[in-house]
Amino acid sequence: MKQRTMHRDGAPIVIGAGAAGLSAALRLAEYGPVTVLCAADLGQQAASAWAQGGVAAAVGADDAPELHAQDTLAAGDGLCAPEATRRITAAGPSAVDRLAEIGARFDRAADGSFKLGLEAAHSRRRIVHAQGDGTGREVLRALVEAAVRTRNIILLERIDARRLLLDANGAVAGVLAADRDGTALTLRSGRVVIATGGLGGLYAHTTNPSGALGLGLAMAARAGAVLADMEFVQFHPTALDVGLDPMPLVSEAVRGEGAILVNDLGERFMAGHGRAELEPRDVVARAVWAELTAGRKVFLDAREALGERFAVAFPSITAACLAAGVDPALQPIPIRPAAHYHMGGIGVDAHGRSTVAGLWACGEAASTGLHGANRLASNSLLEAAVCGEAVARDVACFTASAGTPRTQRLPPRPEPGVVRAILDAHAGVLRDATGLQAALAALRPLAFGEGPQADPALAALFIVIGALARLESRGGHFRTDYPAHVAVARSSRLALTDLLAEPVAVAA
Ligand SMILES: Cc1cc2nc3c(=O)[nH]c(=O)nc-3n(C[C@H](O)[C@H](O)[C@H](O)COP(=O)(O)OP(=O)(O)OC[C@H]3O[C@@H](n4cnc5c(N)ncnc54)[C@H](O)[C@@H]3O)c2cc1C
């Protein structure tokens, strides 16, 4: 796609072109020009396009936003912010309508109502989907096409943001980026939105795009922003384990249809757990992990539950399996847990404002309080759409008074390198003080160095320090040395300066 014109000084800048960034840009474009920076080609390398299940919204006749909020609060394991949860779930139905208006073709019944899927821990059918398991692809297609035809949106593809530029007062004054040849570009603006997505790519085993390295979080932290609940990473229990990187996802919906988990001894190891394979993601991930660490292999067996119906119900998953030589109708699918979603991120208020003047965040890069310690399935596309728009409305009304940006040297192109092995080994499904201390010692010099691993290592260091300080197990964070909940759940908040000090317990 062709680059369209250049950034106008002072126009707001959105970093990232997934569901969150494009939702924000489309709304901002109603007020004037807006520049969108996208590290990859448009539509590529965005987790949004990979979403299978759908968008959660209380649109069914038997549903209500309050029921959706209750389910979200329960999944979040005591750590969701109730106000944010109610605000975002209440906006779900209109966000879905807006995506449909923009052009997303959701699956509908003959009477025009949405066909609604059911996912684990939702008490109602409320998953709006498209093309079966192709929801993200369809939503992002619609958003990209709308952005391309919007004259006020200046799309700069294959331009990656590397640093936020600040003025003498510490307010955001621009972005330092690199073009596709590695040449530095300075874009001036007192209004910047970070929508760079998640950080699963910091792990060696992940379902996320390889560019999901938490770079927006590292940039925000280096500019002084507070990051929240960084230790909470959701590990999906069933990533297709055939040696691919990233790992294709085998959606929870397959277990919803009755597929079972078995080890290579043929044992159905989830049988003894309450809801068996439909226990929450973190419970299933730990059970699969226990099998793997005992030296066994794990499979998702859909032969009896779905058989030939598998290909019809899950066309994208079928294609991924067949490409790897596994026919899910006839063979058990090899799986293992993989880093999938990051509940933490840049701490923001109800308008998406960070703690740095002139800096907002939305989508997976932000921590709004919706997900708590454990995201409820399909709540992230919802959050991206709702909060992208909310941020845009606030940015549009904000009068930036940024001064001259202080110059900075362009850092090298980020590469995660050894960070991936360090996080996999020490900050994965199970954590303990010894492993986390080892990760801390390995990551700190990288994060505060000047090499290509500096920004990935910084984002990883926030996870590790958050995990070290949380002396309990909750949601996606499990400490083998502190396996219980503490009585009162508390959010964690960390800034760059905290990484230099010894971790302080947030719960004891
Ligand atoms: C396999 C998979 C399945 C999923 N299924 C679902 C689902 O069914 N329902 C659901 O709700 N959620 C699902 N999720 C989660 C959901 O897709 C994401 O949380 C959500 O799409 C994040 O949207 P985003 O816009 O914040 O980030 P992304 O869509 O990841 O977009 C980030 C954008 O930022 C750009 N970027 C990153 N760094 C830079 C930089 N330095 N400079 C410039 N640009 C940059 C990227 O190129 C990209 O354009 C799934 C995730 C995965 C990986």
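As the structure is a prediction and not an experimental result, all values here were calculated from the model.

J.: In this structure, what is going on with the overall build of the chain? I would like to understand it.
T.: Regarding its fold elements, the chain presents 14 helices and 19 strands. Taken along its principal axes, the extent of the C-alpha atoms in the chain is 65 × 55 × 45 Å. For the chain, the residues scored as buried account for 58% of the 508 residues in total. Approximately 19000 Å² of the chain is accessible, and the part contributed by carbon and sulfur atoms is 53%. In the chain, 48 side chains carry a positive charge and 52 a negative one; their mean positions are 5 Å apart.

J.: Please clarify how the packing of helix α6 (residues 215–222) against helix α14 (residues 454–469) should be interpreted in this entry.
T.: Relative placement of two packed helices is described by the angle separating their axes and the distance separating the axes. Contact geometry of α6 with α14 gives a least axis separation of 8 Å together with a crossing angle of 85°. Considering the angle they form, α6 stands roughly perpendicular to α14. Where α6 abuts α14, its residues Leu 215, Ala 218, Ala 221 and Arg 222 lie against Ala 454, Asp 455, Pro 456, Leu 458 and Phe 462. Counted by class, the contact of α6 with α14 contains 7 nonpolar, no polar and 2 charged residues.

J.: Hey, could you run me through the sheet that holds strand β18 (residues 366–367) in this one?
T.: Hydrogen bonds along the backbone pair up the strands of a sheet, which may run parallel or antiparallel. Overall, mixed pairing links the 4 strands, which are arranged β18-β16-β11-β19 in an open sheet. The outermost strands of the open sheet, each flanked by one partner alone, are β18 and β19 (493–494). Here 2 bridges tie strand β11 (residues 227–228) to β19, and the two strands are oriented antiparallel to one another. Within β19, the position partnered with Ala 228 by the bridge is Arg 493. Along the sheet, α6 makes contact with β11 and β16 (345–347), crossing β16 at roughly 35°.

J.: Could you clarify how one ought to interpret the sheet that holds strand β17 (residues 359–361) in this entry?
T.: Taken together, 5 strands build an open sheet; the order of strands is β6-β2-β1-β10-β17 and the sheet is parallel. Both edges of this open sheet fall to β6 (153–157) and β17, since each of them pairs with a single strand only. Pairs of neighbouring strands in the sheet enclose a mean axial angle of 20°, with direction left out of account. Where strand β2 (residues 34–38) meets β6, 5 bridges bridge the pair, whose relative direction is parallel. Note that in β6 the partner of Leu 37 across the bridge is Leu 156.

J.: So what exactly am I meant to see when it comes to the site of the ligand here?
T.: In the vicinity of the ligand there are 37 residues, among which Ser 48, Gly 53, Glu 364, Ser 380 and Leu 381 approach most closely. Here an oxygen atom of the ligand sits 2.9 Å away from a polar atom, N or O, in the main chain of Ala 20. Here Ser 380 contributes a side-chain N or O atom positioned 2.7 Å from a nitrogen atom of the ligand. Relative to its unbound accessible surface of 1000 Å², the ligand loses 96% to contact with the protein. Breaking the shell around the ligand down by element, the ones donating at least two residues are α1 (19–28), β2, β7 (160–166), β15 (333–342) and α11 (379–397). Ranked by residue count, the leading element in the shell around the ligand is α11, at 3 residues.

J.: What exactly am I supposed to notice about the packing of aromatic side chains here?
T.: Working definition: an aromatic ring pair is given by the centre-to-centre distance plus the angle between the planes. Evaluated as defined, the whole model comprises 4 aromatic pairs. Taking the centre distance of 5.9 Å and the plane angle of 80° together, the rings of Phe 106 and Phe 114 count as edge-to-face. As far as the burial class goes, Phe 106 and Phe 114 line up, both buried. Here Tyr 203 and Phe 235 contribute two aromatic rings whose centre-to-centre distance is 5.5 Å and whose plane-to-plane angle is 85°, an arrangement assigned as edge-to-face. Taken as a pair, Tyr 203 in the loop between β10 (192–194) and α6 and Phe 235 in strand β12 (residues 233–240) lie far apart in primary sequence, 32 residues in all. Just as Tyr 203 is buried, Phe 235 falls in that class too. Arg 375 extends its terminal NZ or CZ atom over the ring of Tyr 341, reaching a point 4.3 Å from the ring centre.

J.: What is the right way to look at helix α3 (residues 82–90) in this model?
T.: In an α-helix, one full turn covers 3.6 residues, which means residues spaced three or four apart are oriented alike. Buried residues of α3: Ala 84, Thr 85, Ile 88 and Thr 89, and no others. Down the axis of α3, the sector holding all buried residues measures 120°, keeping them to one side. Summarising the contacts, the buried residues of α3 are in contact with α2 (65–75), α4 (92–102) and α11.

J.: Teacher, can you tell me more about the side chain of Glu 472 here?
T.: By secondary structure assignment, the location of Glu 472 is in the loop between α14 and β19. Take Glu 472: its relative accessible area is 0%, and that puts it in the buried class. Side-chain polar atoms of Glu 472 contact the side chain of Arg 474, separated by 2.9 Å.

J.: Help me out: how do you make sense of the environment of Leu 42 in this one?
T.: Turning to its location among the elements, Leu 42 is positioned in the loop between β2 and β3 (55–56). For Leu 42, a relative accessible area of 9% corresponds to the buried category.

J.: Even after reading the chapter, I still don't get the nonpolar core, so can you show me in this structure?
T.: What tends to happen in soluble globular proteins is that the nonpolar side chains get buried as a cluster. Within the largest apolar cluster, 62 residues are counted, with the highest numbers of intra-cluster contacts made by Leu 37 and Leu 443. Looking at this core element by element, the count peaks at 11 residues for α14. In this structure, Leu 443 is in contact with Val 419, Ile 422, Leu 423, Ala 457, Ala 460, Leu 461 and Val 464, ignoring residues within four places of it in sequence.

J.: Would you mind showing me how to read the pairing of β6 here?
T.: Residues in a regular strand project their side chains so that they alternate between the two faces of the sheet. When you tally the buried positions in β6, you get 5 out of 5 residues, the bulk of the element. Going residue by residue along β6, you find Ile 153, Leu 155 and Glu 157 tucked away on one face and Ile 154 and Leu 156 tucked away on the opposite face as well.

J.: Would you mind going over the side chain of Arg 375 with me for this structure?
T.: With respect to the secondary-structure elements, Arg 375 resides in the loop between β18 and α11. Glu 364 provides the closest opposite charge to the buried, salt-bridge-free Arg 375, at an N-O distance of 6.7 Å. Only 2.4 Å separates the side chain of Arg 375 from the side chain of Ser 380, close enough to count as a polar contact. Residues within four places of Arg 375 in sequence aside, it is in contact with Gln 234, Arg 281, His 340, Tyr 341, Met 343 and Ser 380.

J.: Would you take a moment to explain α6 for this structure?
T.: Burial analysis of α6 places 6 of its 8 residues in the buried class, which makes it a mostly covered element. Where α6 is concerned, the buried positions are Gly 216, Leu 217, Ala 218, Met 219, Ala 220 and Ala 221. Following α6 by one or two positions, Gly 224 has its phi on the positive side, about 105°.

J.: Looking at this model, I keep getting lost on the pairing of strand β9 (residues 184–188). Mind explaining?
T.: When strand β8 (residues 172–178) meets β9, the two strands line up antiparallel, connected through 5 bridges. Note on β9: the bridge partner recorded for Ala 177 is Leu 185. Once β8 ends, the chain turns through 5 residues before running back antiparallel as β9, passing Gly 182 with a positive phi of about 90°.

About the cut-offs
In this convention, every chain numbers its residues from 1, walking through the sequence in written order. For a predicted model such as this one, the threshold for reporting local features is a pLDDT of at least 70, and the threshold for listing and counting side-chain atom pairs is 80 or more; totals across whole chains, interfaces and linings nevertheless cover every residue. Here the side-chain values reflect all heavy atoms present in the structure, with hydrogen atoms and water set aside. Numbered from the N terminus, helices here are DSSP runs of H or I no shorter than four residues, and strands are runs of E no shorter than two. For each residue, the accessible area found with a 1.4 Å probe, counting protein chains only, is set against the maximum for its type, and the residue is called buried under 20%, exposed over 50%, and partly exposed in between. Each accessible area value is a Shrake-Rupley result obtained with a 1.4 Å probe; residue values ignore everything except the protein chains displayed when judging cover. Within this scheme the basic residues Lys and Arg register as positive and the acidic residues Asp and Glu register as negative, but His and the chain ends are omitted. A single reference atom marks each charge: NZ on Lys, CZ on Arg, CG on Asp, CD on Glu. For helices, the axis comes from a line fit to the C-alpha atoms of the stretch in contact; other axes are also lines fit to C-alpha atoms, and the angle between any two N-to-C directions lies between 0 and 180 degrees. Any angle from 65 to 115 degrees is called roughly perpendicular, while one under 35 is roughly parallel, one over 145 is roughly antiparallel, and all others are oblique. Two residues qualify as a contact provided that any one of their heavy atoms is within 4.5 Å of a heavy atom in the partner residue. Residue type decides the class: Asp, Glu, Lys and Arg count as charged, Ala, Val, Leu, Ile, Met, Phe, Trp, Tyr, Cys and Pro as nonpolar, and the leftover types, Gly among them, as polar. Two strands pair under a simple rule: DSSP has to find at least two bridges between them. To be near a molecule or strand, a residue needs just one of its heavy atoms within 4 Å of it. Within 3.5 Å is the distance limit for a polar contact, defined as a pair of N or O atoms, with the added protein rule that one can donate a hydrogen and the other accept it, and that residues adjacent in sequence qualify only through two side-chain atoms. Pairing of aromatic side chains requires ring centres within 6.5 Å, counting the rings of Phe and Tyr and the six-membered ring of Trp. Pairs whose planes differ by under 30 degrees are stacked, by over 60 edge-to-face, and all others tilted. Charge-over-ring contacts are defined here by two conditions on Lys NZ or Arg CZ: a distance within 6 Å of the ring centre and an angle within 35 degrees of the ring normal. Here the arc refers to the directions that run from the helix axis out to each C-beta atom. Only buried residues count toward a nonpolar core. Its members are Ala, Val, Leu, Ile, Met, Phe, Trp, Tyr and Cys residues joined through side-chain atoms within 4.5 Å. For this analysis, a salt bridge means a side-chain nitrogen from Lys or Arg found within 4 Å of a carboxyl oxygen belonging to Asp or Glu.

Geometry only, nothing functional implied.
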